[in-house]
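Now for the letters of each chain:
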Amino acid sequence: MPGRSAAPGRRIALDVMSGDESPRSRIRAALRALDAYPDLHLSLVGDQQLITGHLSSIAFDQSRLTVIHAGKTIAMDEKPSFALRSKEDSSMWVALEQVADGHAAACVSSGNTGALMAMGRFALKTFVGIDRPAIAGAIPCAGGSVLLLDMGANVDCSANNLYQFAVMGSLLAATVRGITAPRVGLLNVGTEDIKGNEQVKLANRLLKEDGRLNYIGYIEGNDVFAGGADVVVCDGFVGNIALKTGEGVAGLIRDSLVAAFQQTLWRRFLSLLIAPVMRKIYKSIDPVVYNGASFLGLQGIVVKSHGHSDEEGFFRAIGEAFREVDSDVPGRLAEEIELMLGGE
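This section reports on the structure supplied with the text. What you see is a predicted model; the values in this text were computed from it and never measured.

## As for the environment of Gln-62
At step 1: Among the secondary structure elements, Gln-62 is positioned in the loop between helix H2 (48-55) and strand S3 (65-69).
At step 2: Residues Gln-62 and Leu-42, 20 residues apart in the sequence, show an inter-C-alpha distance of 9.9 Å.

## Some points on unusual backbone geometry
At step 1: In this model, Leu-149 is joined to Asp-150 through a cis peptide bond whose omega is 15°.
At step 2: One can find Asp-150 in the loop between strand S6 (144-149) and helix H6 (159-175).
At step 3: Positive phi is not limited to glycine here, since Lys-125 has a value of about 65°.
At step 4: The exposure class assigned to Lys-125 is partly exposed, which follows from its relative accessible area of 43%.

## Structural notes on the environment of Ser-309
At step 1: Within the element layout of this structure, Ser-309 appears in the loop between strand S11 (301-304) and helix H12 (311-326).
At step 2: Placed 63 residues apart in sequence, Ser-309 and Gly-246 show a C-alpha to C-alpha distance of 17 Å.
At step 3: The contacts of Ser-309, once residues within four sequence positions are left out, are Glu-21, Ser-110, Asn-291 and Phe-314.
At step 4: Among the polar contacts listed, one links the side chain of Ser-309 to the side chain of Ser-305, at a separation of 2.7 Å.
At step 5: Here the side chain of Ser-309 touches His-306 through a polar contact of 2.6 Å, landing on its backbone oxygen.

## Remarks on the sheet that holds strand S2 (residues 41-46)
At step 1: Strand order in the open sheet made by the eleven strands is S3-S2-S1-S4-S11-S10-S5-S6-S9-S7-S8, with mixed pairing throughout. With partners counted over all chains shown, the strands left at the sheet margins are S3 and strand S8 (214-219), one partner each. Each neighbouring strand pair of the sheet contributes to a mean axis angle of 25°, computed without reference to strand direction.
At step 2: Sheet analysis places strand S1 (residues 11-15) next to S2, joined by five bridges and oriented parallel. When the sheet's bridge partners are listed, Arg-11 is paired in S2 with His-41.
At step 3: Contacting S2 and S3, H2 runs over the sheet at an angle of about 150° to S3.

Quick notes on the rules
Residues numbered from 1 in each chain as written. Predicted model: local features only at pLDDT ≥ 70, side-chain atom pairs only at ≥ 80, totals over all residues. Heavy atoms only, no water. Helix = DSSP H or I, 4+ residues; strand = E, 2+ residues; numbered from the N terminus. Buried < 20%, exposed > 50% of the residue type's maximum accessible area, 1.4 Å probe, protein only. Contact = heavy atoms within 4.5 Å. Polar contact = N/O pair within 3.5 Å; in protein donor to acceptor, adjacent residues only side chain to side chain. Pairing = 2+ DSSP bridges. Axes fitted to C-alpha atoms, helices over the stretch in contact; angles between N-to-C directions.

Written as structure tokens, this is what we have:
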């Protein structure tokens, strides 16, 4: 295999060992990504023997793919503090190190979220003016998708944290998703000013005072999926529950429709007639389609793929990382954060 690239360009480091699914599914996703993005270069990080063994029977452009050996894998249930202290030769750490050392422009991993966040903060640091990184990802809504952050990195957040999340989320929506003046909503238990805890109320005041954000005020849970905003801001406790609830409802709808159409011969026939429509509906609410959450606030691109993501899901996460590299998200964030948050 070719050696390491000296310049990041459009090279992405993939942690192919971490996660619940087989590394082979992530390797297949990597090869799909090479076909889908002609300018993309990849570094596959993990057990070199396993990776090269799987690649040996597959034809691909070897000039665009590098294999980097890492002898350990961080388990999904390992404590982040332990992983940070003892797993510097793990596939996750080595992939992040590629970004920190300038050999890659982004890292993608399906591994332990807490460990990835802890290692990412240690290896890449946060931007000046940003206290905590946030996990930002798309979830389905009426008419498309909405960017939700934080999805679980920060269970307890101050008003200033929520304000910073709003700034970063708005920038990501504008640069990568191409939305002019993204509508930013603050998730709350009601839309009245008197509702919400003190952190949310104070964040609401901070956001109203920043005229550069297209802040639309409080947004309730049902409005998230109705497409009431382009960016929805909340703490990680609420965000993770909203994310998992949405995934559960999507699965319930899918399973209920399948069961309903299998009850009689007539319904089975009817299901064949409307199959194209149902496939379109399933795809619009399938969490796999929206896989790939960004760790915003780090001085480098880190994309978290769902731990259970299959080949399709990991492929989607690589695509998210590529779009962020192509849009130079860290560079634009650094500039805008300095303007909007007063970083130096």
